[in-house]
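Structural characterization, general
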Amino acid sequence: FDEGGGTATHVATSRHDGVDYLKCARFERGLALLDERGLSFDLQCAPIQLIESAAALVAKYPDLRVCIDHLGKPRKVLGDDLLEDGATINPNAIPDDEELTVWRKGMRAMAALPNVYVKLSMMGYAVPGWIRTKERRAVLKSLVRETIAMFGARRCMVAWNWHVNGAVSDADNLSKVGPDAVELLNMFMWFFEGYGEEETERLFAGTAKEFYRLE
């Protein structure tokens, strides 16, 4: 978070620029107001903030529904989509253990709080160009299922971040390729293979209806 606007919403999610808004008294006052009014909050932050500030802050407001956006925002766990020449697909299929260690620690701390939910969205931010190869798709599937294992299907929801086009909505410009709507739906069905009907319904609709009080 950069109060001067130096960091965009998604660009530098592996860090913050010296000001952690979750530690700001002004931000907490706003969160308290949401709690008082029975509203909810969508949390978008770096994985390290889940550990250093988010878990402790959210724990103070057990009645406030909080939804972590974009899988908790692990970033480029297989590296860049393309190599430096800008044309060759990055062949790496080994996830960044350091990035995932921080992400897992933060997500587990948040999963321990029963008022915290997760959106399964912006897949290309975690694995840019994931649609290109079966190896990348397999890594992404493992991250999605790991997230569901931590929070349970009752606290996870599919989110369609389709505001510009497939590539931008999927990866926020970390890749020039992304799935179309039908491909994405089919990929979610593949991610969820083996889950029961009730779990699948929760992931696609039920959790979101509950969290946002749509019924």
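Residues numbered from 1 in each chain as written. Predicted model: local features only at pLDDT ≥ 70, side-chain atom pairs only at ≥ 80, totals over all residues. Heavy atoms only, no water.

1. A closer look at the overall build of the chain
Tallying secondary structure elements over the chain gives eight helices and four strands in all. Taken from N to C terminus, the helices and strands of the chain fall in the order α-β-α-β-α-β-α-α-β-α-α-α. Burial statistics for the chain: of 215 residues in total, 47% are counted as buried. A total accessible area of about 10600 Å² is found for the chain, and carbon and sulfur atoms account for 53% of it. (Helix = DSSP H or I, 4+ residues; strand = E, 2+ residues; numbered from the N terminus. Buried < 20%, exposed > 50% of the residue type's maximum accessible area, 1.4 Å probe, protein only. Areas by Shrake-Rupley, 256 points an atom, 1.4 Å probe, with all protein chains shown as cover.)

2. A closer look at the pattern of salt bridges
Throughout the structure, instances matching the rule amount to twelve salt bridges. In this structure, Asp-69 engages Lys-119 in a salt bridge whose closest nitrogen and oxygen atoms are separated by 3.9 Å. Separated by 50 residues along the polypeptide, Asp-69 in the loop between strand E2 (65–68) and helix H3 (97–111) and Lys-119 in strand E3 (residues 116–120) bring together distant segments of the chain. Classification of Asp-69 by relative accessible area gives buried; the value is 10%. Overall, Lys-119 belongs to the buried group, its relative accessible area being 15%. (Salt bridge = Lys/Arg side-chain N within 4 Å of Asp/Glu carboxyl O.)

3. Concerning the packing of helix H2 (residues 47–59) against H3
Look at H2 against H3: their axes get within 8 Å of each other, and the N-to-C directions meet at 10 degrees. Between H2 and H3, the angle is such that the two are roughly parallel. Residue-level inspection shows Pro-47, Ile-48, Leu-50, Ile-51, Ala-54, Ala-55 and Val-58 of H2 in contact with H3, the latter providing Glu-99, Val-102, Trp-103, Lys-105, Gly-106, Met-107, Ala-109 and Met-110. Among the residues forming the contact of H2 with H3, the class breakdown is twelve nonpolar, one polar and two charged. (Axes fitted to C-alpha atoms, helices over the stretch in contact; angles between N-to-C directions. Parallel < 35°, antiparallel > 145°, perpendicular 65-115°, else oblique. Contact = heavy atoms within 4.5 Å. Nonpolar A, V, L, I, M, F, W, Y, C, P; charged D, E, K, R; others polar.)

4. Notes on helix H1 (residues 25–36)
Across its twelve residues, H1 extends 16 Å between first and last C-alpha, which sits within 8% of the 16 Å expected from 1.5 Å per residue. Along H1, the positions that sit buried rather than exposed are Phe-27, Leu-31 and Ala-32. Seen along its axis, H1 keeps its buried residues to an arc of 140 degrees; they face one direction. Opposite the buried face of H1, at more than 90 degrees from it, the exposed residues are Ala-25, Arg-26, Arg-29 and Glu-36. (Expected span 1.5 Å × (residues − 1). Arc of directions from axis to C-beta.)

5. Quick look at the packing of H3 against helix H5 (residues 134–151)
Between H3 and H5, the least distance of the axes is 9 Å, while the angle of their chain directions is 30 degrees. Considering the angle they form, H3 stands roughly parallel to H5. Regarding H3 and H5, the two cross each other, and that crossing is right-handed. Where H3 abuts H5, its residues Leu-100, Trp-103, Arg-104, Met-107, Arg-108, Met-110 and Ala-111 lie against Leu-143, Glu-146, Thr-147, Met-150 and Phe-151. A class-by-class count of the residues in the contact of H3 with H5 yields eight nonpolar, one polar and three charged. (Left-handed = near helix turned anticlockwise from the far one by under 90°.)

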